[in-house]
Amino acid sequence: MPGDIPGIHHVTAVGSDPARNARFYTETLGLRLVKRSVNQDDTSVYHLFYGDHGGSPGTSMTVFPYPNARPGRVGNGQASAVAFLIPGDAVDYWVDRFGAEGVDADEPRERFGDVVIPFRDPDGLPLELVARADAPAGDPPEGPVPADHAIRGFFGVTLSLSDADRTATLLETMGFEAAGDEGDRRRYVADGDLGYVVDVVEDPDARSGRPGAGTVHHVAFQVTQATQPEWRQVLMDHGLRPTEIIDRKWFESVYTRTTGGVLFEYATEEPGYTVDEDLEHLGERLVLPEWLEGRRDEIEASLPPLELDELA
């Protein structure tokens, strides 16, 4: 059995307008645009990566922004919320910031002893800030949010399922331990510093989710290149049908649809976003893996403009 998974590597969502998406995640949330590329399975669409200064595993929120995409519906068979970790004393700052920026946000609430601020991105994607005194210092990017209050990375995700048992068994195999219940929410916790929480909400009567703007496409968990083949075998042992290992340039990936319907990815920590760009210039230009570089002119012509001054 490979070693336990420490937590989430990245989360990928579906959006609509790329410039609006980039403004929200960089200017409102204060994340850094660390990679500007394309969806390798549909090169007519950007793949935008946001994270800490270096795009460290556990900090990277990524989006496929399809212009004019139809709205999705959040429901069973999806990751129904994505939670970011903030310092314990940053709640008032973010409440005030969301108010000033006109963010669609709810009043703070308590969950498992933590203060949680639910909010939505411009496409309606359910997001949360979770405040904890033990949030790591991390490597926040320079930008509009002071480092003392900045998002540190992921806290975790919520999975909405009609039947949670087999997904829960898989999470436990991955090293996430059951850590208690609160209402219809069951918590699983890994041993990492970021993205270490998966909450499972089971409701057989809830409606199924529908893909589209404002929904999560997949949740990726951190593995190493050495253990990834073993994890692929573990997935097959659980009766799942994982893909072959796919080279995504900045990490290698194995995907599988869980029995609950959520798409899981197992992404390597190596080589990272600086394999093809200098750290100080991440995200400043469209970067393509070498197998797409020969199609650059065609790809660029199919994409909407996304200039840096649009993000100011």
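Since the structure is predicted, the reported quantities are computational estimates derived from the model, not experimental observations.

1. Comments concerning the overall build of the chain
- What the chain contains, in helices and strands, is 6 helices and 16 strands.
- Rg of the C-alpha trace for the chain: 18 Å, near the compact-globule value of 20 Å for 312 residues, within the 12% margin.
- Overall, the chain is about 50 × 45 × 35 Å in size when its C-alpha atoms are taken along their principal axes.
- The buried share of the chain, reckoned over its 312 residues, is 56%.
- Residue pairs at least 24 apart in sequence account for 68% of intrachain contacts in the chain once pairs closer than 6 positions are excluded.
- Accessible area of the chain: about 13000 Å², with a carbon and sulfur share of 45%.
- Side chains of the chain give 27 positive and 56 negative charges; the mean places of these two sets differ by 6 Å.

2. Thoughts on the environment of T12
- Its location among the elements puts T12 in strand β1 (residues 8-15).
- As a C-alpha pair, T12 and S60 span 48 residues in sequence and 8.7 Å in three-dimensional space.
- Of the polar contacts made by the side chain of T12, one reaches the side chain of T62; its length is 2.5 Å.

3. Description of the pattern of salt bridges
- Under the counting rule described, the total for this entry stands at 18 salt bridges.
- The shortest N-O distance in the salt bridge between K249 and E290 comes to 2.8 Å. Linking K249 in the loop between β14 (246-247) and β15 (251-257) with E290 in helix α5 (residues 290-293), this pair joins segments that are 41 residues apart in sequence.
- Within this structure, D104, D106, R109 and R120 form a network of salt bridges that share partners.

4. Overview of the UniProt feature "domain: VOC" (unreviewed entry) in the chain
- Mapped onto this numbering, the UniProt entry annotates "domain: VOC" (unreviewed entry) at residues 7-132 and 153-269.
- Between the C-alpha atoms that bound residues 7-132 there is a distance of 17 Å. The span itself is 17% helix and 47% strand.
- Here residues 153-269 is 16% helix and 44% strand, with 15 Å between the C-alpha atoms at its ends.

Rules used throughout
- Residues numbered from 1 in each chain as written.
- Predicted model: local features only at pLDDT ≥ 70, side-chain atom pairs only at ≥ 80, totals over all residues.
- Heavy atoms only, no water.
- Helix = DSSP H or I, 4+ residues; strand = E, 2+ residues; numbered from the N terminus.
- Rg over C-alpha atoms; globule rule 2.2 N^0.38 Å.
- Buried < 20%, exposed > 50% of the residue type's maximum accessible area, 1.4 Å probe, protein only.
- Contact = heavy atoms within 4.5 Å.
- Areas by Shrake-Rupley, 256 points an atom, 1.4 Å probe, with all protein chains shown as cover.
- Lys, Arg positive; Asp, Glu negative; His and termini not counted.
- Charge placed at Lys NZ, Arg CZ, Asp CG, Glu CD.
- Polar contact = N/O pair within 3.5 Å; in protein donor to acceptor, adjacent residues only side chain to side chain.
- Salt bridge = Lys/Arg side-chain N within 4 Å of Asp/Glu carboxyl O.
- UniProt positions renumbered as here; feature names shortened; annotations may be inferred.

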